[in-house]
Amino acid sequence: MDAQLAEVRALEAEIAALRRACEEPRAAGEDSWRAQKSLREMYQSDSEGWASSKDLRSHLGHLESELRFLSTLTGISIRNYSMKTEDLTNTEKKEKSIMKVLQRHRLSGNCRMITFQLEFQILEIQNKESLSSVITDLNIIMEPTEYSELSEFVSRAEERRDLLMFFRSLHFFVEWCEYRKRTFEHFKEKYPAAVHLPEGAASSCMAVRSTCQPGFELVIVWRVQIDEEGKVLPKLDLLPKAPQQALKLDRNRVLETAPLSFRALLGTLGIEAALESLIKSLCTADYD
Amino acid sequence: MEWANDGKTRGGVLAHLERLEIQVNRSRKNLEDLQRAQAVESALGTKIHKLRCLRDELRAEAKQRQARVKASTVNVEPDQTPEISEQEVAKRRKENVKAILQAYRFTGLSGKLTSRGVCVCISTAFEGNLLDSYFIDLVIQKPLRIHHHSIPVFIPLEELSAKYLQTNIQHFLFCLCEYLNAYAGRKYQADRLQSDFAAFLAGPLRRNSLCNLLSFTYKVEPRGQSFPFCARLLYKDLTTALPTDVTVTYQGTDALSSSWEEQRASHENLFFSKPLHQVFTSFARKGEKLDMSLVS
């Protein structure tokens with residue numbers, strides 16, 4: 001019975017302590033809010049306080065300029081990011097020396113004209129010898145989807161959970177698309193009568209027509225492809241168009257072999273020079 | 001008990017009865033005491049039980065409050081706090097910007113501004129495995145130059161910087177990123193082959209520091225005694241993690257039959273198209289399947 005009485009006393013004491021604990025946070029919260037208010041008042045009146053808030057603002061300014069710099073340097077602008085961590089460490093004795101943490105990341109931003117939204121998970125396992133970090137899940141949402149070449153690439157990147165390859169290839173893809181646009185615009189400007197961009201400068205084709213020889217048209221299709229390994233390569237093709245009579249007169253089969261010859265030309269002169277020579281050859285009459 | 005057979009017999013019986021009565025009374029008292037004690041004990045028992053329940057309830061409530069307080073300090077909702085100071089806004093924006101700066105490492109390129117310019121950090125990964133990172137410290141002057149770096153000597157840094165550093169720094173960095181990631185991928189494959197599939201190799205894996213030339217002698221079945229194949233993998237394109245040249249030769253002691261030739265040719269294809277350690281994983285799996293078929 002003594003033991004029981006002792007237990008009763010112990011329980012009553014614990015209950016009293018718990019009751020106090022349940023009431024405390026509210027009071028603590030109130031206190032901190034009151035303290036915060038007074039700090040704010042202090043900052044508003046005290047000159048020293050003013051300086052320290054300036055410090056905060058200048059520090060923020062420095063960080064924001066660092067962010068702008070990084071965004072310009074990489075060409076990738078991250079607008080939003082958040083992360084949640086979940087501790088998966090198994091508390092059983094056997095695996096106590098192994099720590100497992102699952103991180104859930106959310107990232108969104110844009111790379112020039114392409115905006116992306118990513119959600120991925122990283123599993124970090126720390127054991128006695130090493131720390132390993134593995135991406136265990138990757139979800140990519142991209143727009144605009146007018147670049148059809150990208151959708152296949154995105155699913156491949158998701159499958160391989162290769163986040164870094166996604167960004168690297170994205171950069172090179174965008175770089176090539178912009179180069180293509182600049183090149184098309186350059187030729188349109190230089191040969192306004194001959195060069196036509198039926199789908200705009202951002203598209204993949206450029207048509208070259210001779211003003212004095214209507215009916216002849218050379219269409220250059222310039223695709224930017226991303227291969228299995230994430231390598232970005234330009235692929236150019238020539239589609240010649242000529243009236244039937246011209247085909248009959250073409251004994252040397254120049255038109256037939258044009259696509260192949262174009263490939264060879266690309267190899268020797270490079271893209272810009274090859275396109276230039278093509279335009280010039282079609283329009284020699286116009287520009288002589 | 002002896003009955004005295006004398007004139008005092010009557011007194012003896014009475015005395016005896018008296019004694020019995022006292023005994024009964026005592027027992028009854030004892031019993032009553034016992035019952036009272038038991039009642040008190042059981043009341044105590046009930047009380048203890050009630051107190052325990054109350055204590056457990058309070059414990060749970062206290063835990064909930066703690067969790068709520070913790071959660072609320074992590075996700076402060078600006079709309080709910082009555083007066084939010086400029087301080088708070090700036091502080092939160094600062095935390096957000098800091099987090100975004102950290103997140104750049106997932107793009108492969110991240111960095112910090114330095115007094116001279118910028119220190120760029122290049123991260124590498126292969127198929128979801130995050131690997132080493134390297135840094136390159138750039139001085140922003142005319143001309144742009146590299147102050148110092150941790151890029152391995154066999155990566156063509158001078159070549160790349162001569163071509164692109166002055167004209168297109170973004171292209172320079174991403175090219176470097178390509179080379180480093182490809183190297184990290186090749187190294188990862190070679191390391192995994194050595195560590196996970198040592199049983200399939202005769203002797204060590206021969207490799208160079210750039211990990212673009214590998215040669216090894218191997219077998220396909222874990223139980224086999226001989227190592228019938230010898231492979232040589234060359235990765236001419238330093239920006240890829242798959243070989244450009246693969247030669248598999250048959251070295252077995254049996255005569256080169258069509259089945260060996262078939263295997264040899266299919267292995268060559270495998271090495272071209274799949275990462276090295278994955279090829280061996282498929283060998284191991286086939287071996288398991290074979291074992292299972294033997295057993296059943």
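Residues numbered from 1 in each chain as written. Chains lettered and ligands numbered in written order. Predicted model: local features only at pLDDT ≥ 70, side-chain atom pairs only at ≥ 80, totals over all residues. Heavy atoms only, no water.

### Thoughts on the domain arrangement of chain B
Residue and element names in this part refer to chain B.
Stage number 1. For chain B, the assigned domains read domain 1 (103-184) and domain 2 (187-292).
Stage number 2. On a C-alpha basis, the centres of domain 1 and domain 2 stand 33 Å from each other.
Stage number 3. Interface area for domain 1 against domain 2, summed over the two sides, is near 1100 Å², with a carbon-plus-sulfur share of 65%.
Stage number 4. Looking only at domain 1, the three residues that lose the most surface to domain 2 are Phe-126, Phe-154 and Tyr-183, adding up to 45% of its buried area.
Stage number 5. Joining domain 1 to domain 2, the criterion identifies 5 residue pairs in polar contact (both at pLDDT 80 or more).
Stage number 6. Only strand E3 (129-139) and helix H4 (169-196) provide two or more residues apiece to the side of domain 1 that touches domain 2.
Stage number 7. The greatest single-element share of the side of domain 1 that touches domain 2, amounting to 5 residues, is contributed by H4. (Domains from an automatic or database assignment. Buried area = accessible area lost by both parts, 1.4 Å probe. Polar contact = N/O pair within 3.5 Å; in protein donor to acceptor, adjacent residues only side chain to side chain. Helix = DSSP H or I, 4+ residues; strand = E, 2+ residues; numbered from the N terminus.)

### Considering H4 of chain B
Stage number 1. Taking 1.5 Å of rise per residue, 28 residues should cover 40 Å, and H4 of chain B covers 40 Å from first to last C-alpha, within 8% of that figure.
Stage number 2. Where burial is concerned, most of H4 of chain B is hidden: 21 out of the 28 residues are buried. (Expected span 1.5 Å × (residues − 1). Buried < 20%, exposed > 50% of the residue type's maximum accessible area, 1.4 Å probe, protein only.)

### Things to note about the nonpolar core
Stage number 1. If you look at the biggest cluster of nonpolar residues, it comprises 68 residues, and the most contacted ones within it are Leu-107, Phe-116, Leu-118 and Phe-166 of chain A together with Leu-176 of chain B.
Stage number 2. If near-sequence neighbours (up to four positions away) are discounted, Phe-166 of chain A is found in contact with Phe-116, Leu-118, Ile-140, Met-142, Phe-153, Val-154 and Ala-157 of chain A.
Stage number 3. If you look at the next biggest cluster of nonpolar residues, it comprises 24 residues, including Ala-190, Phe-229, Leu-233 and Leu-276 of chain B. (Core = buried A, V, L, I, M, F, W, Y, C linked by side-chain atoms within 4.5 Å. Contact = heavy atoms within 4.5 Å.)

### Points about the packing of helix H4 (residues 163-190) of chain A against helix H7 (residues 271-282) of chain A
All names here are of chain A.
Stage number 1. Remark: H4 packs on H7, axes separated minimally by 11 Å, with the N-to-C direction vectors making an angle of 30 degrees. Viewed along their axes, H4 and H7 adopt a mutual orientation that is roughly parallel. Viewed along their axes, H4 and H7 form a crossing whose handedness is right-handed. Within the contact between the two elements, H4 uses Trp-176, Tyr-179, Thr-183, Phe-187 and Lys-190 and H7 uses Ile-271, Glu-272, Leu-275, Glu-276 and Ile-279. (Axes fitted to C-alpha atoms, helices over the stretch in contact; angles between N-to-C directions. Parallel < 35°, antiparallel > 145°, perpendicular 65-115°, else oblique. Left-handed = near helix turned anticlockwise from the far one by under 90°.)

### Notes on the pattern of salt bridges
Close approach of charged atoms allows side chains with opposite charge to pair.
Stage number 1. Considering all chains together, one arrives at 30 salt bridges over all chains under this definition.
Stage number 2. For Arg-93 of chain B, the salt bridge goes to Glu-64 of chain A, with nearest N and O atoms at 2.7 Å. On the criterion of chain membership, the pair formed by Arg-93 of chain B in helix H2 (residues 86-103) and Glu-64 of chain A in helix H2 (residues 47-74) is interchain, its members lying in two chains.
Stage number 3. Residue Glu-64 of chain A is classed as partly exposed on the basis of its relative accessible area of 23%. (Salt bridge = Lys/Arg side-chain N within 4 Å of Asp/Glu carboxyl O.)

### Side note on the layout of surface pockets
Stage number 1. Within this model, the second largest pocket holds a volume of roughly 640 Å³.
Stage number 2. Lining the second largest pocket are 33 residues, and of these Arg-160, Asp-162 and Glu-229 of chain A together with Phe-126 and Glu-127 of chain B sit closest to its centre.
Stage number 3. Where the lining of the second largest pocket is concerned, the elements lending two or more residues are helix H3 (148-160) and H4 of chain A together with strand E2 (117-126), H4 and helix H6 (276-295) of chain B.
Stage number 4. With 6 residues, the single largest contributor to the lining of the second largest pocket is H4 of chain B. (1 Å grid on protein atoms, 1.4 Å probe; cavity = no way out; pocket = protein on both sides within 12 Å on 5 of 7 lines; lining within 4 Å. Points joined across faces, edges and corners; volume = space filled by probe spheres on them.)

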